[in-house]
Amino acid sequence: MTNKALIAAAILSLFMTAIMGAQSWNPPGSFVDKHGQLRLEGTRLVDENGKPVQLKGMSAFWINWASGARYANRDVVETLVDDWGCTVYRLPVGIEPDGAYIQNPVKYQEMVKDMVEACLEEGIYVIVDWHAHDTLGFGKQEADFFKWLAESYGGYPNVIYELWNEPIKQSWSDEIKPYTQKIIDEAIRPIDPDNIILAGSSNWSTDLHLCAADPLNGRNIMYSLHFYAGTHTGWLMGRAEKAMEDGLPVFISEWGTSAADGGSNGDLYLSESRDWIDWMDQYRLSWCNWSVSDKKESSAALLPGANPLGGWSDGEISPSGRFIREMIRK
Ligand code: MG
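Everything numeric here is computed off the predicted structure, so don't read it as measured data. (Residues numbered from 1 in each chain as written. Predicted model: local features only at pLDDT ≥ 70, side-chain atom pairs only at ≥ 80, totals over all residues. Heavy atoms only, no water.)

### Brief notes about the packing of aromatic side chains
- Summed over the entire model, instances satisfying the criterion amount to 19 aromatic pairs.
- Centroid distance Trp130 to Phe146: 6.2 Å. Interplanar angle 55°. Geometry classified as tilted. Of this pair, Trp130 sits in strand 5 (residues 125-131) while Phe146 sits in helix 6 (residues 139-153), and the two are 16 residues apart along the sequence.
- Classification of Phe146 as buried rests on a relative accessible area of 0%. (Phe/Tyr/Trp six-rings, centres within 6.5 Å; stacked < 30°, edge-to-face > 60°. Helix = DSSP H or I, 4+ residues; strand = E, 2+ residues; numbered from the N terminus. Buried < 20%, exposed > 50% of the residue type's maximum accessible area, 1.4 Å probe, protein only.)

### Quick word on the coordination of the magnesium ion
- Coordination of the magnesium ion by the protein is provided by Gly154 (O), Asp192 (OD), Asp194 (OD) and Asn195 (OD1), with metal-donor distances spanning 2.3 to 2.5 Å.
- Mapped onto the polypeptide sequence, the residues donating to the magnesium ion form the spacing pattern G-x37-D-x1-D-N. Here the residue Gly154 occupies a position in the loop between helix 6 and strand 6 (159-162), and Asp194 occupies one in the loop between helix 7 (172-188) and strand 7 (197-199), the gap between them amounting to 40 residues.
- Residue classification places Gly154 among the buried residues on the basis of a relative accessible area of 9%. (Donors = N, O, S within 2.8 Å, 3.2 Å for Na, K, Ca; no water.)

### What to know about the side chain of Ser30
- Of note, Ser30 is situated in the loop between helix 1 (3-24) and helix 2 (31-35).
- For Ser30, a relative accessible area of 9% translates into the label buried.
- If sequence neighbours within four positions are ignored, Ser30 has contacts with Glu122 and Gly123. (Contact = heavy atoms within 4.5 Å.)

### Remarks on the layout of surface pockets
- Approximately 340 Å³ is the volume attributed to the largest pocket.
- What lines the largest pocket is a set of 20 residues, among which Glu166, Tyr228, Glu254, Ala260 and Asp261 lie closest to the centre.
- Looking at the lining of the largest pocket, the elements with two or more residues in it are helix 8 (202-205) and strand 8 (221-228).
- Classifying every residue of the lining of the largest pocket by side-chain character gives seven nonpolar, eight polar and five charged. (1 Å grid on protein atoms, 1.4 Å probe; cavity = no way out; pocket = protein on both sides within 12 Å on 5 of 7 lines; lining within 4 Å. Points joined across faces, edges and corners; volume = space filled by probe spheres on them. Nonpolar A, V, L, I, M, F, W, Y, C, P; charged D, E, K, R; others polar.)

### With respect to the pairing of strand 4 (residues 88-94)
- The buried fraction of strand 4 is high, at seven of seven residues.
- Side chains Val88, Arg90, Pro92 and Gly94 of strand 4 all project onto a buried face; the interleaved residues Tyr89, Leu91 and Val93 project onto the opposite face, where all are buried too.
- Note: strand 3 (residues 56-60) against strand 4, three bridges, orientation parallel. Residue pairing in the sheet places Gly57 in a bridge with Val88 of strand 4.
- Since strand 4 and strand 5 lie parallel, the crossover through helix 5 (residues 105-122) that links them has a hand, and here it is right-handed. (Pairing = 2+ DSSP bridges. Right-handed = clockwise from strand over helix to strand, strands pointing away.)

### Observations concerning the sheet that holds strand 4
- Read once around its circumference, the closed barrel built from eight strands follows the order 3-4-5-6-7-8-9-10, with strand pairing classed as parallel. Adjacent strand axes in the sheet meet at a mean angle of 30°, parallel and antiparallel pairs treated alike.
- Here five bridges tie strand 3 to strand 10 (residues 287-292), and the two strands are oriented parallel to one another. Its bridge partner lying in strand 10, Lys56 is registered against Trp287. (Axes fitted to C-alpha atoms, helices over the stretch in contact; angles between N-to-C directions.)

Set out below in structure tokens:
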């Protein structure tokens, strides 16, 4: 072949790779193929046809810890979709301590890329979670991260941005809201005008009343509500109901069947969890359960030593995991 023919063949091959790659993402019949670009209508999450949509799925565990990283792979996502029926997957990108994102951004961007693409291949939504309790000192790093994510995948309807997992004692109006608004306005929205963004609030993302009184500006912004069935009870449902009445869109990006410590003493609150699930169904609130991990705590969905490549038998899934799998499949 001549040089020109070689160049033409190379261009054609790149073009075909791009086309084939695009075809293998959000395959026909997959959940995202059916529902497409999500948006808000008032407080309701709706799909591209304007129909209300409720996402249900699992959150990974901190991917900077071994018990989370071990299960953050494509095979596990496939099991969660094909066997568990998940329509959303959450990826908690731990930013601290040593060895986590802030010290090693390139490593974790590779993991995020792999996992977002796994969700694109399976045709489900994916929440990329800046998993921090205090990120006020890391605005530059977070802005760079979400710019990269928006540039790479913001054109796909799959991606949902979660900007601050769980602030603790920071002030909503004086610290969390201005920080979050800046990430939205300066990092994400100039690149991706429409995908859903989740904002966290003080007291481990439970202070929805403060957000309702002083909300963020912009389109398609929701507020994460986190709860643990053994700790949080009807008072938090009531607070969320009032916030929704006041116009606040709510997304349960993390909840557990244990107490708020994750269940280090083995306690499980399945009856209370069922009440919360009924409540979330009543309001069509989307949720992710914490977590895909084999850590020795009762909120973990897997038992120690469960296969890192998914395809789990009942004997590899914890009581919490078996309950949640049933709740997602029903
Ligand atoms: Mg977009």
